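# Breakdown of the fold
Residue-level listing of the chains:
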Number of protein chains: 4
Amino acid sequence: MEFHETRLRVRYAETDQMGIVYHANYLVWMEVGRVEYCRAAGLAYRDFERDAGMHMAVVEANCRYRLPARYDDLVSVRTRIRESNPRMVVFGYEMLLDGSDSLLADGFTRHVFLDARSLKPRKLPENYRHIFI
Amino acid sequence: MEFHETRLRVRYAETDQMGIVYHANYLVWMEVGRVEYCRAAGLAYRDFERDAGMHMAVVEANCRYRLPARYDDLVSVRTRIRESNPRMVVFGYEMLLDGSDSLLADGFTRHVFLDARSLKPRKLPENYRHIFI
Amino acid sequence: MEFHETRLRVRYAETDQMGIVYHANYLVWMEVGRVEYCRAAGLAYRDFERDAGMHMAVVEANCRYRLPARYDDLVSVRTRIRESNPRMVVFGYEMLLDGSDSLLADGFTRHVFLDARSLKPRKLPENYRHIFI
Amino acid sequence: MEFHETRLRVRYAETDQMGIVYHANYLVWMEVGRVEYCRAAGLAYRDFERDAGMHMAVVEANCRYRLPARYDDLVSVRTRIRESNPRMVVFGYEMLLDGSDSLLADGFTRHVFLDARSLKPRKLPENYRHIFI
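The text that follows walks through the structure, step by step, so that each part is easy to find. Owing to the predicted nature of the structure, the values given are computational and were not obtained by experimental measurement.

Between chain B and chain C, the contact holds 24 residues from the first and 24 residues from the second. Across the chain B to chain C interface the summed buried area is about 2,000 Å²; carbon plus sulfur atoms make up 58%. Applying the counting rule to chain B against chain C returns zero salt bridges. At the boundary of chain B with chain C, the tally comes to 10 residue pairs in polar contact (both at pLDDT 80 or more). The set of elements that each furnish at least two residues to the side of chain B that touches chain C consists of helix H1 (25-40) and strand S2 (54-65) of chain B. Broken down by element, the residue count for the side of chain B that touches chain C peaks at 10 residues, all from S2(B). In the sheet, S2(B) pairs with strand S2 (residues 54-65) of chain C via five bridges, with the strands oriented antiparallel. Bridge assignment links B:Cys63 to a residue of S2(C), and that residue is C:Ala61.

What follows is the structure, encoded as structure tokens:
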């Protein structure tokens, strides 16, 4: 899968008094993109947490804001895996105004695989590797 | 304790494109008021969850919006217990512009005491009753 | 239109450390339901703000929490108009686990129509009345 | 001013089902740090928006997560200006567990000065330069 594309509608709650989307919310949209990427690859992230007893903890997040997203805009989030190994994965994101070439923002999140109980690093089990690597 | 007063500063993140605070955020401010009420009464809610193995789950929330709060306003949250017994507690809140009589909003939250593991109702243990009842 | 139904997927960002959805987020879902109700009735709320120069300000919000919503749940929001006149409108909401009869929460929001510039009450113009009344 | 330090208390609303603070909220804490930095330097950001008719728009945000922040933690946000000129400013942040050397996260936000009306770049007026440059 080169990238997965998902759509979301900008909520009023996500705007601020500049009349545009508050910048922290793009990180939430990246979460939506990442979760839908995994689902399209065959893994519900909810099941991953429960069945593997693991988390995919964010250790770095980066976003570059190109054009403001506005209330009620339909946004396409394109998510891909940029880098990965059994200990970590980097997801890349492009957020576009749906049906256009207008790049609103792009960025990445870097994750490490953790044991859910101890919150310590743990290698991704073999049976999940085809999803991420 | 008739009521407990705590102050908070409106964040840019909490505004929306109307130029005022988005209404759902007042429920978060009620949480801040409630937690500080408990702390002033001698109970860190964090310890309550950990030591008693319980939650105080919200079963109803109500807010009436009187005047808009704006970015950077200093808001006073006055919290009191309106009603309580070993199974439930109702907190009441008034949110005012700090240093004035301007009532921004008022409301209440109704909670039941739950066992943290089963998320089933559980009576408040004796040693916590003086806080709430 | 008796009611309008829209679906949304619970985001990780919307959960809290109880492992369920944080209660203030249901008010955001009501916003999603209300906006989609209006769109289905022929009015993009974004256009209403821009073309009529008006807001539909929340003056009261109420939510009763019945069953916890969880991460990745698909939630159906059923929105209807409970009461309305040229000065105000009350929307009612039921939030269910999609494809089931499990009522997660229900509630209402009461709104007054405001002039966007002055933030003072203003009667709904005739050409919008069929949407709300 | 080498850096400005401000404190905030972690809200329950800011946690997620991992039992720690959801990562996007650190960007909101950066906003709190930045606003308090400006206030300590003599400028209420609210007045800047109103009096200068300008915004300080975020064009890039970056955060590296070192240790999880938890509910009710008291967090110190240390904010400094890393780079600036009349067109832009970069703020750097360190977030620590208050009263300790535990670095929770660090990062930066890059901003450009915009005209509030047109949302186009505009040079910072002379009378505000001592705050940022």
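Listed by partner, the interface residues are 21 residues for chain C and 21 residues for chain A. Between chain C and chain A the total buried area reaches about 1,800 Å² when both faces are included, carbon and sulfur atoms providing 40% of it. When the buried surface of chain C facing chain A is broken down by residue, C:Arg11, C:Arg46 and C:Tyr71 rank first, second and third, together holding 37% of it. Here chain C is connected to chain A by six salt bridges. The interface formed by chain C and chain A contains 14 residue pairs in polar contact (both at pLDDT 80 or more). Contributing elements (two or more residues each) for the side of chain C that touches chain A: strand S1 (4-9), helix H1 (25-40) and helix H2 (45-52) of chain C. Top element by residues in the side of chain C that touches chain A is H1(C). It accounts for seven residues. A class-by-class count of the residues in the side of chain C that touches chain A yields nine nonpolar, one polar and 11 charged.

This part is about the relation of the copies chain C and chain A. Once turned by 180 degrees and shifted 0.0 Å along the axis, chain C lies on chain A with an RMSD of 0.0 Å. Expressed as a symmetry operation, the mapping of one chain copy onto the other fits a two-fold axis. For chain C, the minimum C-alpha distance to the rotation axis belongs to C:Leu8 and amounts to 4.9 Å. A shared binding surface is used by both copies, with 100% of the interface residues of chain C retained as interface residues in chain A.

Criteria and cut-off values
- Residues numbered from 1 in each chain as written.
- Chains lettered and ligands numbered in written order.
- Predicted model: local features only at pLDDT ≥ 70, side-chain atom pairs only at ≥ 80, totals over all residues.
- Heavy atoms only, no water.
- Contact = heavy atoms within 4.5 Å.
- Buried area = accessible area lost by both parts, 1.4 Å probe.
- Salt bridge = Lys/Arg side-chain N within 4 Å of Asp/Glu carboxyl O.
- Polar contact = N/O pair within 3.5 Å; in protein donor to acceptor, adjacent residues only side chain to side chain.
- Helix = DSSP H or I, 4+ residues; strand = E, 2+ residues; numbered from the N terminus.
- Pairing = 2+ DSSP bridges.
- Nonpolar A, V, L, I, M, F, W, Y, C, P; charged D, E, K, R; others polar.
- Least-squares fit on C-alpha atoms with pLDDT ≥ 70 in both.

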